[in-house]
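Results of the structural survey
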Amino acid sequence: MSMIPAGKMIVLWDTNDKQQITKLAIEHISHQPASTHALPNSAGSCNMGWLEENPIDNPIGLFSYLATSCGFIDRQTAMHALRQFGKVEGQSWVKEILKRSGELDEDDEDE
């Protein structure tokens, strides 16, 4: 699997009536137009200041923000979202959270 550079990532998501995240995907910014119809909310390299000084404007900050400000409809959706962040280069925190959550598959450990 080809990793996405943090400077080129975009997070796309949809929410329910309670503003909980129901679907989340991470794509390369060049794929954004094809994905936004089904997932109308976005953040990441499409935002001014991405990867600059604000502690939320990076992958771990954005995940933390989404997890706390929106939340996820269920644990399965949260773990899927976490794995999506694992598609971004340099995100060792993803594997650590998966391991501590008991969600790390043998396949994940090899990557």
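The notes below deal with the structure included here. Here the structure is a predicted model, which is why all the values come from computation and not from measurement. (Residues numbered from 1 in each chain as written. Predicted model: local features only at pLDDT ≥ 70, side-chain atom pairs only at ≥ 80, totals over all residues. Heavy atoms only, no water.)

What to know about the pattern of salt bridges
Evaluated as defined, the whole model comprises 3 salt bridges. Between Glu103 and Arg75 there is a salt bridge whose closest N-O contact spans 3.1 Å. Pair noted here: Glu103 is in the loop between helix 4 (92-100) and helix 5 (106-110) and Arg75 is in helix 3 (residues 75-85), with a separation of 28 residues, a long-range link. By relative accessible area, which is 23% here, Glu103 ends up partly exposed. In this structure Arg75 comes out as partly exposed when scored by relative accessible area, which is 47%. Glu96 is the partner of Lys99 in a salt bridge, and the nearest nitrogen-oxygen pair spans 4.0 Å. Here Lys99 and its partner Glu96 are both found in helix 4, 3 residues apart, which amounts to about one turn of the helix. Residue classification places Glu96 among the partly exposed residues on the basis of a relative accessible area of 31%. A single network of salt bridges, built from pairs that share partners, joins Glu96, Lys99 and Arg100. (Salt bridge = Lys/Arg side-chain N within 4 Å of Asp/Glu carboxyl O. Helix = DSSP H or I, 4+ residues; strand = E, 2+ residues; numbered from the N terminus. Buried < 20%, exposed > 50% of the residue type's maximum accessible area, 1.4 Å probe, protein only.)

Some points on the packing of helix 2 (residues 59-69) against helix 3
Put simply, helix 2 and helix 3 touch, their axes get as near as 11 Å, and they point 165° apart. Judged by the angle between their axes, helix 2 and helix 3 are roughly antiparallel. In this structure, helix 2 meets helix 3 at a crossing whose hand is right-handed. Of helix 3, the residues touching helix 2 (which contributes Pro59, Leu62 and Phe63) are Ala78, Ala81, Leu82 and Phe85. (Axes fitted to C-alpha atoms, helices over the stretch in contact; angles between N-to-C directions. Parallel < 35°, antiparallel > 145°, perpendicular 65-115°, else oblique. Left-handed = near helix turned anticlockwise from the far one by under 90°. Contact = heavy atoms within 4.5 Å.)

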